[in-house]
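Spelled out, the chains give:
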Amino acid sequence: MKPIKHFKRAESRIPLKFTVWLYFVIFTVAVFALIWVFQIFFFEKFYERMRIHSAAKSMESIAEVYSSCDKEKHYDNAMKITSDDEMKEKLYNIVYETGDSEDLCVEILDKYGREVMKKHVMGECIIHDKGGSVLWLLNGIDEADDGIIKLKMKHPRSGSDMLVYGCKLGSMSEPDGYLLINATIVPVEATVMIIKRQLMTITVILIILAFIISLYLAKRISAPIDRITKSAEILAKGDFNTKFDGRGYLEAKKLADTLTYAEKELSKVDTMQRDLIANVSHDLRTPLTMLKAYAEMIRDLSGDNPVKRNEHLEIIISETDRLALLVNDMLDLSKLESGKQKLNPTEFGISAKLSEIMDRFKGLSEKNGYQIHFTPDEERTVYCDSIKIEQVIYNLINNAINYTGKDKQVFVRQINTDSGVIVEVEDTGDGIEEDKIKLIFDKYYRSENHKREVVGTGLGLSIVKAVLKMHNYDYGVRSTLGKGSTFWFKISDVKK
Ligand code: ADP
């Protein structure tokens, strides 16, 4: 058998086990590479961006609270109620909350640059340094077009990085005061070092874990496939009792089930082929033995006796016919199944064709006492391959004659329907068992109780099936045990 070749080729490829393991390890390494790049190399950038964002956001929200209080104040003035204390409290709250939560130094100054409110957090800060830098910053705000400054600078003494943001409070042209915000950018090297150590340990542990898990996984995935492959190799050697074990996961089970199904089919074909060879060789040997025996008889005994000689010659001729029938059937089927044969459709009347076939059976029925009843319907013109359809009808009637009951009755019917012409062939024989019905259209299938007087090759119905499939016609059989069978097919190419 051929498949051995494929095994050889598969061997030179990378095994599934290794592929699964490799992908898993690559995935783990890639994940860690990504974590390392982000945590170690971009950590500082992320941190700085976060500080910039929080400083800007805080400045905005404090300025917003101030302006909302400012509006309320005007309104309250009109009502002659002063709410200065309330406004201060609101502002105080937001300044303290923001300072605490965002770790920022905040200062609110009046329009002359005098301190009104301040929140100082731990660490160095430029805006709370008594060194004249505040005035310089306020100047900067006054000079800025939009009244806002956003600076990144170094602390004059320690040299650490700072973000200093400032804006006007109240109107742009005549501000009520100023807001200054100071965010320290803490050096992150120490933090990065700690993360690096942690990551290193985690990476080592996880890579080892990934290694072990992937090995286990790879084994789990490939084990059923290995098992199934081993069984398939046994099957390839011709053992049709091989069991396929697909435990493990759904795909393996499906593969095992499919192979079990294929095994069953293969075994069926194998048995059928064996049966065919047995049947065919039996059918070939019997007429050949007869041919030889009668030829010898003519040579040695009846050569001079015209009556005997003719009798023997008749037997030789009928045995030759039997041989020709068998060989023809085999040839026909192999031609049909090779797909080389094309249909040659023509238009003809189906009633006329059926009557013509009936006439051909007349001689046989008269000789052997068979009665073939034909019930025609109105003539219909059909469009199909007349020679092949004739063979279908012929094979069905032949079978009906062969398998009909002792009363030797066969019924052929033409039934016109809207969707086509149905041709039925009924006999009064033993019928066909339910489980055999599926098999009879298979190649080489012959019933076990096949008798010599029933001339057949086990190919007749296979030819019927091949022809009807080529035409795409529906066909089937209804059978009742002990009562008989009705084979039918429907010619759907009917001229309206
Ligand atoms: P065969 O040459 O054996 O008749 P077929 O392919 O024509 O081969 O038929 C296959 C088998 O189907 C037969 O061996 C027989 O068992 C069954 N069969 C076919 N036609 C009939 C029928 N009219 N009644 C009962 N059994 C039938």
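Values in this document were obtained by computation on a predicted structure and should not be read as measured data.

A.B. asks: I'd love a proper account of the pairing of strand β11 (residues 475-480), names of residues and values included.
C.D. replies: As judged from the six bridges shared by β11 and strand β12 (residues 484-491), these two strands associate in the antiparallel manner. Among the inter-strand pairings, S479 is bridged to a residue of β12, identified as S485.

A.B. asks: A description of a nonpolar patch on the surface should follow, citing residues and the corresponding values.
C.D. replies: A contiguous nonpolar surface patch, about 570 Å² in accessible area, is contributed by L34, V37, F38, F41, F42 and F46. Here the nonpolar patch gets four residues from one element, more than from any other, and that element is helix α2 (residues 16-41). The residue F46 is located in helix α3 (residues 43-78) in this model. Exposure remark for F46: the relative accessible area of 39% places this residue in the partly exposed category.

A.B. asks: Let's hear about the sheet that holds strand β3 (residues 148-154): which residues, and what values?
C.D. replies: Read from one edge to the other, the open sheet built from five strands follows the order β2-β1-β5-β4-β3, with strand pairing classed as antiparallel. Two strands bound the open sheet, and with one partner strand each, they are β2 (115-119) and β3. Strand after strand, the sheet turns through a mean of 15° between neighbouring axes, direction not considered. Bridge count for strand β1 (residues 105-110) against β2 is four bridges, and the pairing is antiparallel. The partner of L109 across the bridge, within β2, is E115. Where helix α4 (residues 84-102) meets the sheet, its contacts fall on β1 and β2, and the angle it forms with β2 comes to roughly 35°.

A.B. asks: Residues and numbers for the packing of helix α8 (residues 306-338) against helix α12 (residues 460-471), please.
C.D. replies: Remark: α8 packs on α12, axes separated minimally by 10 Å, with the N-to-C direction vectors making an angle of 30°. If you check the angle between α8 and α12, you find them roughly parallel. In the packing of α8 onto α12, the handedness of the crossing is left-handed. Facing α8, whose interface residues are D329, D332, L333 and L336, α12 presents G460, S462, I463, A466, V467 and M470.

A.B. asks: Please set out the sheet that holds strand β7 (residues 371-375) residue by residue, giving values where relevant.
C.D. replies: The mixed open sheet is built from five strands, whose spatial order is β7-β9-β10-β12-β11. The open sheet terminates on both sides in strands that have one partner only, identified here as β7 and β11. Put simply, the sheet's adjacent strands are angled 15° from each other on average, direction ignored. Here β7 runs beside strand β9 (residues 409-417); their pairing, made up of five bridges, is parallel. By the bridge assignment, T375 is partnered in β9 with R413. Against the sheet, helix α10 (residues 386-403) touches β7, β9, β10 (420-427) and β12, its axis set at about 175° to β12.

A.B. asks: An account of the packing of α10 against α12 is needed here, citing residue identities and associated values.
C.D. replies: Here α10 crosses α12 at 145°, and the two axes come no closer than 9 Å. Of the two elements, α10 crosses α12, and the hand of that crossing is left-handed. Contacts between α10 and α12 involve K388, I389, Q391, V392, N395, L396 and N399 from the former and G460, L461, I463, V464, V467, L468 and H471 from the latter. For the contact of α10 with α12, a count of residues per class yields eight nonpolar, five polar and one charged.

A.B. asks: So what's going on with the confidence of the model for the protein chain? Which residues, and what values?
C.D. replies: Chain-level statistics for the protein chain give a pLDDT mean of 85 and a share of 91% at 70 or above. Of all secondary-structure elements in the protein chain, the lowest mean pLDDT belongs to helix α1 (residues 4-11), at 48, while β12 reaches the highest, 96. Of the regions scoring below 50 in pLDDT, residues 1-8 engages in three contacts with residues more than four places distant in sequence or in other chains. Confidence drops under pLDDT 50 across residues 76-82; counting only partners more than four residues distant or on other chains, this segment forms two contacts.

A.B. asks: Tell me what's going on with the pattern of salt bridges, and back it up with residues and numbers.
C.D. replies: Inspection of every chain in the model, using the stated rule, returns 19 salt bridges. Here E424 and R413 are joined by a salt bridge, their closest N and O atoms 3.1 Å apart. One end of the pair, E424, is in strand β10; the other, R413, is in strand β9, with 11 residues separating them in the sequence. A relative accessible area of 9% places E424 in the buried class. Classification of R413 as partly exposed rests on a relative accessible area of 21%. Here K436 makes a salt bridge to E433, at a shortest N to O gap of 3.5 Å. Each of R413, E424, E426 and R478 takes part in a single network of salt bridges with overlapping partners.

A.B. asks: Give a description of a negative patch on the surface that names residues and reports values.
C.D. replies: Together, D84, D85, E86 and E89 make up a region of like negative charge exposed at the surface. Relative to the assigned elements, D85 resides in helix α4.

Criteria and thresholds
- Residues numbered from 1 in each chain as written.
- Predicted model: local features only at pLDDT ≥ 70, side-chain atom pairs only at ≥ 80, totals over all residues.
- Heavy atoms only, no water.
- Pairing = 2+ DSSP bridges.
- Helix = DSSP H or I, 4+ residues; strand = E, 2+ residues; numbered from the N terminus.
- Patch = residues over 30% accessible without salt bridge, like charges linked within 9 Å, V, L, I, M, F, W, Y side chains within 5 Å.
- Areas by Shrake-Rupley, 256 points an atom, 1.4 Å probe, with all protein chains shown as cover.
- Salt bridge = Lys/Arg side-chain N within 4 Å of Asp/Glu carboxyl O.
- Buried < 20%, exposed > 50% of the residue type's maximum accessible area, 1.4 Å probe, protein only.
- Axes fitted to C-alpha atoms, helices over the stretch in contact; angles between N-to-C directions.
- Contact = heavy atoms within 4.5 Å.
- Parallel < 35°, antiparallel > 145°, perpendicular 65-115°, else oblique.
- Left-handed = near helix turned anticlockwise from the far one by under 90°.
- Nonpolar A, V, L, I, M, F, W, Y, C, P; charged D, E, K, R; others polar.
- pLDDT = per-residue confidence, 0-100.
- Lys, Arg positive; Asp, Glu negative; His and termini not counted.
- Charge placed at Lys NZ, Arg CZ, Asp CG, Glu CD.

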